[in-house]
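# Fold and contact review
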Amino acid sequence: MTSSIREWLNLLVRWFHVFAAIMWVGQTYYFTWLDRQFAKLAKNTAGDSASSSVWMVHSGGFYTVDKQKSLSVGPEQVHWFRWEALMTWLSGMALLFLVYYSSSGLIDTDVANLSQGAGIAIGLAVLVGGWIIYDLAARSPLGSSEATFAVFSLLMIAVLAWGLTHVFSGRAAYIHVGAVLGTIMTANVWLRILPSQRKMIAAAAGARFDASLGAQAKLRSKHNTFIAVPVVFIMISSHFPVATYGNTYGWEVLVGLVLLGWVAAKLIRET
């Protein structure tokens, strides 16, 4: 592959990746905002069904959204939000192979004297292992406490960031932390949220459904809103090496900015 072809592929895949991510994260935060509006309405309307809709204005029209407790249309008429997540992850993996696994950007011999094959194996294992650890923790008693789960998650990210900065080049270490978080977000959608939604639809065929069917899906969607902000930071960190991966305290900076991203996400969610 010539350098010109590689650059064009990098540019086009990156363009696709960023736009898919915009669509996915935008939808995630939009529905988070909707849920909050309905929670406010439930407190303020005192059962007044006439005031239970969310009204919006956009692009020259007025829109109203109602949250239903039963499905009054056929399952084929329900729109699913899923492909944006998969397209973001697939294009991200393509970039990982283009920029790191098929080039010299992965290994820094001053950090660790690894072969390219060993580095790739470590990178892919970290993606799979990160999801397994997160998923087990989210389904354990840790997942029932937001504060406890946040502390556990931050500790795991610190361990991951420290470990990767002692294996890969600084830039590759940052990107792999982002890839782990992005993999968790995508797996949340396809392995936890969508299956729960299928059960909700199956149970809601003309009748009220058990809200507990969606509890885990809602928790994972909430987690995704917190993960998204640090992931976006990591996506742009490669443009600022002095402040991020090239800094003497590179992994500490990453952990601190993940925490800052979570604070920002909480403020956004509560706005």
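Shown above is the structure to which this text applies.
Residues numbered from 1 in each chain as written. Predicted model: local features only at pLDDT ≥ 70, side-chain atom pairs only at ≥ 80, totals over all residues. Heavy atoms only, no water.

### Structural notes on the packing of helix 5 (residues 170-203) against helix 6 (residues 215-237)
The angle between the axes and the distance between the axes are what describe a pair of packed helices. The contact between helix 5 and helix 6 brings their axes to 9 Å, and the two run at 155°. Taken as axis vectors, helix 5 and helix 6 run roughly antiparallel relative to one another. Once helix 5 is placed against helix 6, the crossing between them reads as left-handed. (Axes fitted to C-alpha atoms, helices over the stretch in contact; angles between N-to-C directions. Helix = DSSP H or I, 4+ residues; strand = E, 2+ residues; numbered from the N terminus. Parallel < 35°, antiparallel > 145°, perpendicular 65-115°, else oblique. Left-handed = near helix turned anticlockwise from the far one by under 90°.)

### Description of the pattern of salt bridges
Note on pairing: side chains with opposite charge can pair once their charged atoms come close. For the structure shown, the criterion picks out 7 salt bridges. Between Lys67 and Asp35 there is a salt bridge whose closest N-O contact spans 3.5 Å. Taken as a pair, Lys67 in the loop between strand 2 (61-65) and helix 2 (83-101) and Asp35 in helix 1 (residues 3-44) lie far apart in primary sequence, 32 residues in all. Between Glu146 and Lys222 there is a salt bridge, and its shortest N-O distance comes to 2.4 Å. (Salt bridge = Lys/Arg side-chain N within 4 Å of Asp/Glu carboxyl O.)

### A short note on the packing of helix 3 (residues 116-139) against helix 5
Closest axis-to-axis distance for the helix 3/helix 5 pair is 9 Å, and the angle between their directions is 50°. Taken together, the axes of helix 3 and helix 5 are oblique relative to one another. Crossing handedness for the pair helix 3 and helix 5: right-handed. For the pair helix 3 and helix 5, the contacting residues are Gly123, Val126, Leu127, Gly130, Trp131, Tyr134, Asp135 and Arg139 in the first and His176, Ala179, Val180, Thr183, Ile184, Ala187, Asn188, Leu191 and Arg192 in the second. (Contact = heavy atoms within 4.5 Å.)

### Details of the side chain of Asn10
Structurally, Asn10 is set in helix 1. Separated by 2.9 Å, the side chains of Asn10 and Arg14 make a polar contact. Those residues in contact with Asn10 that lie beyond four places of it in its chain are Leu95, Leu98 and Val99. (Polar contact = N/O pair within 3.5 Å; in protein donor to acceptor, adjacent residues only side chain to side chain.)

### Regarding a nonpolar patch on the surface
A cluster of nonpolar side chains, contributed by Trp8, Leu11, Leu12, Trp15, Val18, Phe19, Ile22 and Met23, occupies part of the molecular surface with about 880 Å² of accessible area. Following the sequence through the fold, Leu11 ends up in helix 1. Relative accessible area serves as the criterion here: at 48%, Leu11 is assigned to the partly exposed category. (Patch = residues over 30% accessible without salt bridge, like charges linked within 9 Å, V, L, I, M, F, W, Y side chains within 5 Å. Areas by Shrake-Rupley, 256 points an atom, 1.4 Å probe, with all protein chains shown as cover. Buried < 20%, exposed > 50% of the residue type's maximum accessible area, 1.4 Å probe, protein only.)

### What about the environment of Met185?
Topologically, Met185 is positioned in helix 5. The exposure class assigned to Met185 is buried, which follows from its relative accessible area of 5%. As for Met185 and Leu86, which are separated by 99 residues in sequence, their C-alpha atoms are 9.8 Å apart. What Met185 contacts, discounting residues up to four positions off in sequence, is Trp24, Asn224, Ile227, Ala228 and Val231.

Function cannot be read off these values alone, since they describe shape.
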